[in-house]
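Architecture and fold: a report
Chain by chain, the residues run as shown.
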Amino acid sequence: MSKARKKKMFVVIGVLLVIIGALLIWFNISYSPVKKEFQRDINALISKNPSQESSVVFKESDFSHLATVVQRYIENCGYIGTQKMSYMKMEYYDVAFMQGRKGPALTIDYKQYNFVSEPCRMALIDSSMFGIPFEGYDYYQNGKGGMKGVIAKAITIFNQTGTDMDKACLVTFLAESMFAPTILLQDYIVLEEVSEYEIRATISYDGITASGIFTFNEQYEMISFTTNDRSVVGTDGAVEYVPWSAFCSEYQFSDSGIKYPTKFQAVWNYPDGDFVYFDGVIGGFSYGY
């Protein structure tokens, strides 16, 4: 091999090593445009969200117009006498997450905020695929929902929006409303008794309505939410309506005295069998006022 060819080969190898090194540094530094966007949006929402006075607490009379099972749930979970929240924060770690029945399995961290004054839910997925960062941003704000996936911190691989996504995100917010009971007292939600341990919840906002069934056990713990109003929106944009369920279990008391589930599963109830695509433990649970 001539000296010129050797020199050219060494230059190419050197450039490749520099590029690989730069990518490794980029992948491993804490900065992320998606995370920055998420935190900026959360900070803006918190700053404009109406705050609650510390003297404004939950009373039994707040829930007296609701089904007995809801009243027992609120009392059993320790909310009576505590301050009414204006938003909720939940965090999951090492969640088993599937991107569709034929998609890859991921282990993710998941952080979300649900706001009260109007239906609003923002969630951040933090994971990696073959050592390459993968981040997702699920959002529902101002009546619009969306789901965005970004790989390598810079390449958007899907960005789903539209009416079906708006409804799916709205009903997801509804499914989590029991965890922040101030939501149950808002005009955009209606609760109706179905049976001793079941209620139908309906949420209406910005021209879209969705509903589902909450089920409680004999200890008045909410154990499931099921709906037909949540669509599967694939990364290719394909839409399919399939019954969807969320299951809660393994309740425990927080340091503040609030009882909440630590186990959470999200399931698509396909005709040929249930598909658990989100299976995690709630690692953090807090409120903002």
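1. A few points about the overall build of the protein
Secondary structure assignment for the protein yields four helices and 15 strands. Across the 289 residues of the protein, 47% fall into the buried class. In the form shown here, the protein has an accessible surface area of approximately 14400 Å², with 53% of it arising from carbon and sulfur atoms.

2. With respect to the side chain of Ser 127
Tracing the chain through its elements places Ser 127 in strand E3 (residues 120–129). Polar side-chain contacts of Ser 127 include one of 2.8 Å to the backbone oxygen of Thr 107. Apart from residues lying up to four places away in sequence, Ser 127 is in contact with Leu 106, Thr 107, Ile 108, Ile 132, Pro 133 and Phe 134.

3. Considerations on unusual backbone geometry
Look at Ala 152: it is not a glycine, yet its phi comes out positive at around 60°. For Tyr 220, which is not a glycine, the phi torsion comes out positive at approximately 60°. Mapped onto the elements of the fold, Tyr 220 is located in the loop between strand E9 (208–216) and strand E10 (222–227). Residue classification places Tyr 220 among the partly exposed positions, given a relative accessible area of 24%.

4. Here we look at the packing of aromatic side chains
Per the stated rule, a full pass over the model turns up 26 aromatic pairs. Aromatic side chains Tyr 137 and Tyr 139 sit 5.9 Å apart centroid to centroid with 75° between the ring planes, which places their arrangement in the edge-to-face category. Residue Tyr 139 is classed as partly exposed on the basis of its relative accessible area, which comes to 23%. Directly above the ring of Trp 244 sits Arg 230, whose terminal nitrogen or CZ lies 4.6 Å from the centroid.

5. So, the pattern of salt bridges
Evaluation of the coordinates by the stated rule reveals ten salt bridges. Across the pair Lys 144 and Asp 166 runs a salt bridge whose closest N-O atoms are separated by 4.0 Å. Of this pair, Lys 144 sits in strand E5 (residues 144–151) while Asp 166 sits in helix H4 (residues 163–175), and the two are 22 residues apart along the sequence. The partner of Asp 229 in a salt bridge is Lys 167, with the nearest N and O atoms 3.9 Å apart. Here Asp 229 is found in the loop between E10 and strand E11 (231–233), whereas its partner Lys 167 is found in helix H4, with 62 residues between them in sequence. Overall, the relative accessible area of 23% leaves Lys 167 in the partly exposed class.

6. Here we look at the nonpolar core
By size, the foremost hydrophobic cluster in this structure holds 70 residues, and its most contacted members are Val 70, Tyr 73, Tyr 79, Met 178, Ile 199, Met 222 and Phe 278. Take this core: its biggest share by element is seven residues, from H4. Non-local contacts of Met 222, meaning those with residues more than four positions away in its chain, are made with Tyr 73, Ala 175, Met 178, Phe 179, Phe 214, Thr 215, Phe 216, Cys 248 and Tyr 251. Listed in part, the twelve residues of the second largest apolar core include Phe 38, Ile 42, Tyr 113 and Phe 115.

The rules behind each value
- Residues numbered from 1 in each chain as written.
- Predicted model: local features only at pLDDT ≥ 70, side-chain atom pairs only at ≥ 80, totals over all residues.
- Heavy atoms only, no water.
- Helix = DSSP H or I, 4+ residues; strand = E, 2+ residues; numbered from the N terminus.
- Buried < 20%, exposed > 50% of the residue type's maximum accessible area, 1.4 Å probe, protein only.
- Areas by Shrake-Rupley, 256 points an atom, 1.4 Å probe, with all protein chains shown as cover.
- Polar contact = N/O pair within 3.5 Å; in protein donor to acceptor, adjacent residues only side chain to side chain.
- Contact = heavy atoms within 4.5 Å.
- Phe/Tyr/Trp six-rings, centres within 6.5 Å; stacked < 30°, edge-to-face > 60°.
- Lys NZ or Arg CZ within 6 Å of the ring centre and 35° of its normal.
- Salt bridge = Lys/Arg side-chain N within 4 Å of Asp/Glu carboxyl O.
- Core = buried A, V, L, I, M, F, W, Y, C linked by side-chain atoms within 4.5 Å.

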